[in-house]
Amino acid sequence: MVKPRKRALREGSVIVISAPSGAGKSTLIRRLRTSLSGLTFSISCTTRPPRPGEKDGRDYYFMSTPRFKRLIAEGEFVEWARVYGHLYGTPWKRVRAAREAGRDVLLDIDVQGHRQVRRRLPDAVSVFVLPPSLRELGRRLRQRSSDPPEVVERRLAAARKEIAHWTEYDYLVVNDRVSRATQALRSVVLATRLRRDHQSPRAREICMTFGG
Ligand code: ADP
Ligand code: 5GP
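Residues numbered from 1 in each chain as written. Chains lettered and ligands numbered in written order. Predicted model: local features only at pLDDT ≥ 70, side-chain atom pairs only at ≥ 80, totals over all residues. Heavy atoms only, no water.

Looking at the packing of aromatic side chains
Aromatic ring pairs: the centre-centre distance and the angle between the two ring planes describe each pair. Under the defined criterion, the tally for this structure stands at four aromatic pairs. Through successive ring pairs, a cluster of aromatic residues spans Y60, F62 and Y88. (Phe/Tyr/Trp six-rings, centres within 6.5 Å; stacked < 30°, edge-to-face > 60°.)

The structure is reproduced here in structure tokens:
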């Protein structure tokens, strides 16, 4: 839970990260979170069953389709989409609380979700993660071995279409070496924190000391 606090000087940014499944997005996000403070990971709701090792409330909020549909009707999602046959959605609650506390929020969502976020939160920053090749993507998906072979094949077929969307994103990170790609992602977050519009309350405070 993000604890409510008094309004921060800087409202946190929303940073969308998309990639074809298996490109290494979760690996990079995990590393990024240990190397930078002030980040909140948006936990999505999904109707997909948990994979071995996944925990409800940590990796996803796992739920039934009727419950998910109720949340859609109640306007609880920033965005939602059907991905690989299951429903996924980003709840507003955590995104709002984190931003008000001045924390940046990472959204690990697909390209359909990114389109909706761009409409609703036009100042969101987006990053597309590409694997070095289709062959390497296949290797990573099989090596993860948490999905049955037919699911891997479906994800590889989807990847061919998904990668075409890299042009819709602000930044591109090629995940060849984990350390290099994590560093690149870190640079995006740090640069976002320096955006002028995100620093105007602070700049105004400084200007006041000059009597301006
Ligand atoms: P995603 O979240 O994009 O579906 P994962 O982070 O689960 O992908 O990564 C898929 C597999 O590829 C995992 O087994 C992970 O350890 C491996 N992997 C991730 N990044 C790299 C990399 N740069 N080089 C080699 N293997 C990687
Ligand atoms: P996975 O089932 O491998 O965890 O995720 C499958 C895909 O769903 C990934 O591309 C991931 O980015 C996407 N995804 C996860 N959560 C959300 C969400 O809340 N909204 C959308 N649109 N996509 C999501």
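On we go.
Section: a nonpolar patch on the surface
A cluster of nonpolar residues, W166, L172 and V174, forms a patch on the protein surface that exposes about 260 Å² of accessible area. Residue position: W166 is located in the loop between helix 6 (149-162) and strand 9 (171-174). (Patch = residues over 30% accessible without salt bridge, like charges linked within 9 Å, V, L, I, M, F, W, Y side chains within 5 Å. Areas by Shrake-Rupley, 256 points an atom, 1.4 Å probe, with all protein chains shown as cover. Salt bridge = Lys/Arg side-chain N within 4 Å of Asp/Glu carboxyl O. Helix = DSSP H or I, 4+ residues; strand = E, 2+ residues; numbered from the N terminus.)

As for the environment of E136
Position of E136 relative to the elements: it lies in helix 5 (residues 134-144). For the pair formed by E136 and G22, sequence separation is 114 residues and the distance between their alpha carbons is 9.3 Å. At 2.7 Å, the side chain of E136 and the side chain of R140 are in polar contact. (Polar contact = N/O pair within 3.5 Å; in protein donor to acceptor, adjacent residues only side chain to side chain.)

With respect to the site of ligand 2
In the vicinity of ligand 2 there are 17 residues, among which S44, R48, Y60, Y88 and D108 approach most closely. In the environment of ligand 2, an oxygen atom lies 2.7 Å from a nitrogen or oxygen atom belonging to the side chain of S44. Relative to its unbound accessible surface of 510 Å², ligand 2 loses 95% to contact with the protein. Considering only residue class, the shell around ligand 2 consists of six nonpolar, four polar and seven charged. (Near = heavy atom within 4 Å. Nonpolar A, V, L, I, M, F, W, Y, C, P; charged D, E, K, R; others polar.)

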